[in-house]
Amino acid sequence: MASSTAPALTVGFDLDMTLIDSRPGIRACYLALSERTGVHIDADLAVTRLGPPLAEELINWFPAAEVPAVADLYREMYPAYAVEATPALPGAREAMAAVREAGGRAIVVTAKYEPNAKLHLAHLGIEPDAVIGDLWAEQKAQALREHGAGVYVGDHVGDVRGARTAGALSVAVATGPCSPEELRAAGADVVLGDLTAFPRWISDYRPERA
């Protein structure tokens, strides 16, 4: 006889500008990369458009043929410059705790290079049930489906697209480069100011009402 018990809720979270304010660390790493390569990078501009994969930013500063090697160098330099400089965003730890208090699992699905994503979370003492990196926008649906995520929380319209492709409820937080209006226009089901509002939201959330 099949069980009638509903599966535990799994909530996915983006990393940059959803759980962590990665702007100070990424800015420092871009400045160090600029010094190392001798190529000008406007780090202040770059950190206003976080979300897409690294290569999409590097192509603004380096010839296309050089981008893969420069991306490898950036990722190699990243732990020394970016991890300690990056704080958790308000409500990040509480949001993860709220998922578990609701009997669910919390995972991180991010476009960031996975080893560096794990370094950030370990440094901040944030312990998700799984971390999946190197996935952007619609690609995130793969991991969300594999882990049975019914909700995905992110700050970028790409995160909204990933949630919708996976058939998950899209919860957007306006802590990144996209405005609430942009997030709603992209199809977000819920838009919160930041993660401090998430525990109350999830305490009222019922999957059958989605």
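Remember, predicted model here, so these are calculated numbers, not experimental data.

Chemist: For this particular structure, what's the right way to read the layout of surface pockets?
Modeler: By rolling a water-sized probe across the atoms, one finds the places where empty space is left. Volume-wise, the largest pocket comes out at about 520 Å³. Every residue lining the largest pocket is counted, 31 residues in all, and those nearest its centre are Gly 51, Pro 52, Pro 53, Leu 54 and Ala 111. Among the elements of the structure, α1 (23–37), α3 (54–58) and α4 (67–82) are those that each provide at least two residues to the lining of the largest pocket. Counting residues per element, the lining of the largest pocket draws most heavily on α3, at four residues.

Chemist: What exactly am I supposed to notice about the sheet that holds strand β6 (residues 190–192) here?
Modeler: Whether parallel or antiparallel, the strands of a sheet pair through hydrogen bonds between backbone atoms. Strand order in the open sheet made by the six strands is β3-β2-β1-β4-β5-β6, with parallel pairing throughout. Pairing within the sheet leaves two strands with one partner each, and these edge strands are β3 (130–132) and β6. For this sheet, the mean angle separating the axes of adjacent strands, direction not counted, is 20°. Two elements, strand β5 (residues 169–173) and β6, share three bridges in a ladder whose sense is parallel. Counted as the bridge partner of Val 173 is Leu 192 from β6. Packed onto the sheet, helix α5 (residues 92–101) meets β1 (10–13) and β2 (105–109) and runs at close to 140° relative to β2.

Chemist: Is there a simple way to explain the nonpolar core in this structure?
Modeler: Soluble, globular proteins show a tendency: their nonpolar side chains are buried together. Ranked by internal contacts, the top residues of the largest apolar core, which has 30 residues, are Phe 13 and Phe 198. If you list the elements that add at least two residues to this core, you get β1, α5, β2, α6 (114–124), β4 (151–154), β5, β6 and α10 (198–204). Not counting the four nearest positions on each side in its chain, Phe 13 is found in contact with Leu 19, Ala 95, Met 96, Val 99, Ala 106, Ile 107, Val 108, Val 109, Tyr 152, Val 153, Leu 195 and Phe 198. Met 17, Ile 26, Tyr 30 and Trp 61 belong to the second largest nonpolar core, which has 24 residues in total.

Chemist: Please clarify how the pattern of salt bridges should be interpreted in this entry.
Modeler: Considering all chains together, one arrives at ten salt bridges under this definition. Notably, a salt bridge pairs Arg 49 with Glu 57, separated by 2.8 Å at the nearest N-O pair.

Chemist: How should the pairing of β5 be read in this particular structure?
Modeler: One face of the sheet, then the other: side chains in a regular strand alternate in exactly this way. The buried fraction of β5 amounts to five of the five residues, a majority that puts the element mostly inside the structure. Of the two faces of β5, the one lined by Leu 169, Val 171 and Val 173 and the one lined by Ser 170 and Ala 172 are each fully buried. Remark: the β4/helix α8 (residues 157–166)/β5 crossover connection has right-handed handedness. Between β5 and its parallel partner β6, the chain crosses via helix α9 (residues 180–186), and the hand of that crossover is right-handed.

Chemist: Which parts of the structure should I look at to understand the environment of Gly 193?
Modeler: With respect to the helices and strands, Gly 193 occurs in the loop between β6 and α10. Each C-alpha atom, one on Gly 193 and one on Pro 180, is 8.1 Å from the other, the two residues being 13 residues apart in sequence.

What counts, and at which threshold
- Residues numbered from 1 in each chain as written.
- Predicted model: local features only at pLDDT ≥ 70, side-chain atom pairs only at ≥ 80, totals over all residues.
- Heavy atoms only, no water.
- 1 Å grid on protein atoms, 1.4 Å probe; cavity = no way out; pocket = protein on both sides within 12 Å on 5 of 7 lines; lining within 4 Å.
- Points joined across faces, edges and corners; volume = space filled by probe spheres on them.
- Helix = DSSP H or I, 4+ residues; strand = E, 2+ residues; numbered from the N terminus.
- Pairing = 2+ DSSP bridges.
- Axes fitted to C-alpha atoms, helices over the stretch in contact; angles between N-to-C directions.
- Contact = heavy atoms within 4.5 Å.
- Core = buried A, V, L, I, M, F, W, Y, C linked by side-chain atoms within 4.5 Å.
- Buried < 20%, exposed > 50% of the residue type's maximum accessible area, 1.4 Å probe, protein only.
- Salt bridge = Lys/Arg side-chain N within 4 Å of Asp/Glu carboxyl O.
- Right-handed = clockwise from strand over helix to strand, strands pointing away.

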